[in-house]
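Structural characterization, general
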Amino acid sequence: MGVTQRRQDAKERKEEDAPSLGDMPAEEFRRHGHELIDWIADYFEHIDQLPVLAQIEPGDLKSQLPTSPPEQGESMEAILADVDRLIVPALTHWSHPSFFAYFATSTSAPGIFGELLSAAFDVKSMLWRTSPASTELEEVVLDWLRQMIGLDPGMSGIIYDTASVSSMHAIAAARERVEMRIREEGMSGRKDLPLLRVYASEQAHSSIEKGIITLGLGQRALRKIPTDKDFCMDVKALAAGIEEDKRAGFLPFCIVATVGTTSTSSIDPVPEIVQISEAHAMWVHVDAAYAGSAAVVPELRHVLDGCNRADSLVMNPHKWLFTPFDLSVLYCRHMDLLRRAFSLVPEYLRTPEQDKVRSGSDYGVQLGRRFRALKLWMIIRYFGHEGLAARIREHIRLAKLFASWIEESAEWELTAPVSLGLVCFRAYPDFRTESETARGKRLDALNEAIMHGLNATGKALLSHTKLHDKLVLRLSIGNIRTNERHVRQVWDLLNVQLHQLHPQTLGQ
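Below is a short write-up of the structure. (Residues numbered from 1 in each chain as written. Predicted model: local features only at pLDDT ≥ 70, side-chain atom pairs only at ≥ 80, totals over all residues. Heavy atoms only, no water.)

On to the packing of helix α10 (residues 235-247) against helix α11 (residues 270-279). Running from N to C, α10 and α11 cross one another at 15°; their axes reach a closest spacing of 10 Å. Our classification of the angle between α10 and α11 gives roughly parallel. The hand of the α10/α11 crossing is right-handed. Contact with α10, carried on its side by Val-235, Leu-238, Ala-239 and Ile-242, involves Glu-272, Ile-273 and Ile-276 of α11 and no other residues of that element. Residue classes in the contact of α10 with α11 are distributed as 6 nonpolar, no polar and 1 charged. (Axes fitted to C-alpha atoms, helices over the stretch in contact; angles between N-to-C directions. Helix = DSSP H or I, 4+ residues; strand = E, 2+ residues; numbered from the N terminus. Parallel < 35°, antiparallel > 145°, perpendicular 65-115°, else oblique. Left-handed = near helix turned anticlockwise from the far one by under 90°. Contact = heavy atoms within 4.5 Å. Nonpolar A, V, L, I, M, F, W, Y, C, P; charged D, E, K, R; others polar.)

Here strand β2 (residues 196-201) runs beside strand β3 (residues 222-225); their pairing, made up of 4 bridges, is parallel. For Ala-200, the partnering residue across the bridge sits in β3 and is Lys-224. Handedness of the β2-helix α9 (residues 206-214)-β3 crossover: right-handed. (Pairing = 2+ DSSP bridges. Right-handed = clockwise from strand over helix to strand, strands pointing away.)

Time to look at the packing of helix α6 (residues 132-149) against helix α14 (residues 373-408). The geometry of α6 relative to α14 is characterised by a closest axis approach of 10 Å and an angle of 25° between their N-to-C directions. The orientation of α6 with respect to α14, classified from their angle, is roughly parallel. Note on packing geometry: the crossing formed by α6 with α14 is left-handed. Residue-level inspection shows Leu-137, Glu-138, Val-141, Leu-142, Trp-144, Leu-145 and Met-148 of α6 in contact with α14, the latter providing Ala-373, Leu-374, Leu-376, Trp-377, Ile-380, Arg-381, His-385 and Leu-388. Partitioning the contact of α6 with α14 into residue classes produces 12 nonpolar, 1 polar and 2 charged.

A word on the sheet that holds strand β4 (residues 251-258). Overall, mixed pairing links the 7 strands, which are arranged β1-β7-β6-β5-β4-β2-β3 in an open sheet. Both edges of this open sheet fall to β1 (156-160) and β3, since each of them pairs with a single strand only. Averaged over all pairs of adjacent strands, the angle between strand axes in this sheet comes to 20°, irrespective of strand direction. Two elements, β1 and strand β7 (residues 328-332), share 5 bridges in a ladder whose sense is antiparallel. Paired with Ile-159 across the two strands is Val-329, which belongs to β7.

So, about the sheet that holds strand β8 (residues 412-414). In a beta sheet, neighbouring strands are held together by backbone hydrogen bonds and run either parallel or antiparallel to one another. With respect to topology, 4 strands assemble into an open sheet ordered β8-β9-β11-β10, the strand pairing being antiparallel. Each edge of the sheet is formed by a strand with only one pairing partner; in this case those strands are β8 and β10 (463-467). Averaged over all neighbouring strand pairs, the angle between strand axes comes to 40°, with direction disregarded. Two strands pair when backbone bridges link them, and β10 and strand β11 (residues 470-476) are joined in this way by 5 bridges, in the antiparallel orientation. If you follow Thr-465 over to β11, its bridge partner there is Val-472. Strand contacts of helix α16 (residues 484-501): β8, β9 (422-427) and β11, with the helix running at about 125° to β8, the strand carrying the most contacts.

Let us now look at the environment of Glu-45. Within the secondary structure, Glu-45 sits in helix α2 (residues 26-45). Linking Glu-45 and Thr-130, residues 85 residues apart in sequence, is a C-alpha distance of 39 Å.

Moving on to α14. Owing to its 3.6 residues per turn, the α-helix aligns residues three or four sequence positions apart on the same side. An ideal rise of 1.5 Å per residue puts 52 Å on 36 residues; α14 reaches only 44 Å between its terminal C-alpha atoms. A bend of about 85° at Gly-384 is the largest found in α14. (Expected span 1.5 Å × (residues − 1). Bend = angle between axes of the 7 residues up to and from the residue.)

What follows concerns the packing of aromatic side chains. Scanning all chains against the criterion turns up 15 aromatic pairs. Between Trp-39 and Tyr-43 the ring centres are 5.5 Å apart and the planes differ by 10°, which places this aromatic pair in the stacked class. Pair noted here: Trp-39 and Tyr-43 are both in helix α2, with a separation of 4 residues, about one helical turn. Residue classification places Trp-39 among the partly exposed positions, given a relative accessible area of 29%. Centre to centre, the rings of Phe-99 and Tyr-102 are 6.5 Å apart; their planes meet at 40°, and the pair counts as tilted. Judged by its relative accessible area of 1%, Phe-99 is buried. Taking relative accessible area as the criterion, Tyr-102 reaches 48% and is therefore assigned partly exposed. (Phe/Tyr/Trp six-rings, centres within 6.5 Å; stacked < 30°, edge-to-face > 60°. Buried < 20%, exposed > 50% of the residue type's maximum accessible area, 1.4 Å probe, protein only.)

Attention shifts here to a nonpolar patch on the surface. Judged by side-chain polarity, Ile-37, Phe-113 and Leu-116 come together as a nonpolar surface patch covering roughly 270 Å² of accessible area. Looking at the element boundaries, Phe-113 is found in helix α5 (residues 109-121). (Patch = residues over 30% accessible without salt bridge, like charges linked within 9 Å, V, L, I, M, F, W, Y side chains within 5 Å. Areas by Shrake-Rupley, 256 points an atom, 1.4 Å probe, with all protein chains shown as cover. Salt bridge = Lys/Arg side-chain N within 4 Å of Asp/Glu carboxyl O.)

Here we take up the pattern of salt bridges. Within the structure shown, the criterion is met by 30 salt bridges. The partner of Arg-146 in a salt bridge is Asp-143, with the nearest N and O atoms 2.8 Å apart. Of the two residues, Arg-146 and Asp-143 are both situated in helix α6; the distance of 3 residues between them amounts to about one turn of the helix. On the accessibility criterion, Arg-146 (8% relative accessible area) is buried. Residues Arg-223 and Asp-245 are paired through a salt bridge, measuring 2.8 Å at the closest nitrogen-oxygen approach. Linking Arg-223 in strand β3 with Asp-245 in helix α10, this pair joins segments that are 22 residues apart in sequence. In this structure, a network of salt bridges that share partners links the residues Glu-115, Asp-326, Arg-370, Arg-372 and Lys-375.

So, about helix α7 (residues 163-177). Taking 1.5 Å per residue as the helical rise, α7 with its 15 residues ought to reach 21 Å, and the 21 Å between its terminal C-alpha atoms agrees with that figure. Taking burial as the measure, the 15 residues of α7 include 12 buried ones, the bulk of the element. Following α7 by one or two positions, Glu-179 has its phi on the positive side, about 60°.

Turning our attention to the side chain of Glu-353. Here Glu-353 lies in the loop between α13 (335-342) and α14. Judged by its relative accessible area of 12%, Glu-353 is buried. One polar contact links Glu-353 to Arg-129, side chain to side chain, over a distance of 3.1 Å. With residues up to four places along the chain from it excluded, the contact list for Glu-353 reads Trp-128 and Arg-129. (Polar contact = N/O pair within 3.5 Å; in protein donor to acceptor, adjacent residues only side chain to side chain.)

This brings us to a negative patch on the surface. There is a patch of like negative charges on the surface, built from Glu-35, Asp-38, Asp-42 and Glu-45. Along the chain, Asp-42 falls in helix α2. (Lys, Arg positive; Asp, Glu negative; His and termini not counted. Charge placed at Lys NZ, Arg CZ, Asp CG, Glu CD.)

What is shown is where atoms sit, not what they do.
Structural data, given as structure tokens:
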């Protein structure tokens, strides 16, 4: 055999031995896919045994990871083993049934399947042509949801990622209605543009202020309105503030009402707010990110009273409709203004059907969008309207049950009304101190210590807020796997913490 032939044979053998440049082989994908579904099923089945709060210190995970990427590919066996060894211990488990912090949320099996399919399809939902299924399914499923929560057909929906982005887009549409050529000329350097004012309660979510900053309006554009004893917007203060700003030469253009505030789940008086807005030709945006889902329960539709007269409303199915994060829905009565605020179609995106269909990229800052509607469609179909309502109804029952234990105790007190799935409360033992100020500081310190002590056990997770300058604890129920046993356990844990930290309550 000549040298040339030997070189050719060696080259062919090398090519045969070379790894494929394509994707993971189908059989390997099937094998690991089955293993992963089994892993997820086991995760949910035994999640009770995991600590809710990650039991690590800052930097612990980073210290166990390589500082440079692998030169050669690694096996899925090794990668999945590291999920168990490294990732799971560093997780705070939002799907844990004893996760009661912030607004308790959870994913669900049909939603996970929807995410799996969405990842496989890898749709970029920017134009109807690039994503007919995503575009049209989104319109249908959001109309289903609109009917379920009792909004009128004049409200059209569009999906964004979070309520922060949904509210920012709503305020942008409201600004467009001002007709001051802000889209064309901007806001900086203009002497003909008065200060534009947005109004929200002092309990409104911080995302409203962030959205105002992002839109270039500036923090001084936001006027925060005081709240009443139940932490709802004071409509008399709102009306007075608008009149005062008009006299000062400002231009009031948008009011943000909240249905389900973050601290207390309070509901602003939307009917009265809308009436004020109509008198001044202002846009009303309703932030119902949390409480909007409660309206799928027929007897709770009153939480959205007045919202059919609003201009826009946001709700988050990823909060209380068991939808994997992220999926936020903006309903808007003036989709033409929303489109006018954001539509920009270069030549390379023009299509023959563009005037007959909706393209998602015309209604926001994003060009490409994920196929989020698929998971919500699968969830609504699997559970049905009645099934979703029943689960939310049960969460509210559990919250009121917990609140009843607070009311029956001499050592605890409720700090806000309980109407949905959130309970605000604090330990209130009999401190024998002379100064009211000193007593208040001791109560704040006690409640903070109770919260941190409970969270450190890994058996439950709570968060806190401040109401009337008092530190209070928050227990939110919204996880699809939470039942009465978990609520009873956290109540017992709270009392253990109280008695360990304040033995005087035991008469010691």
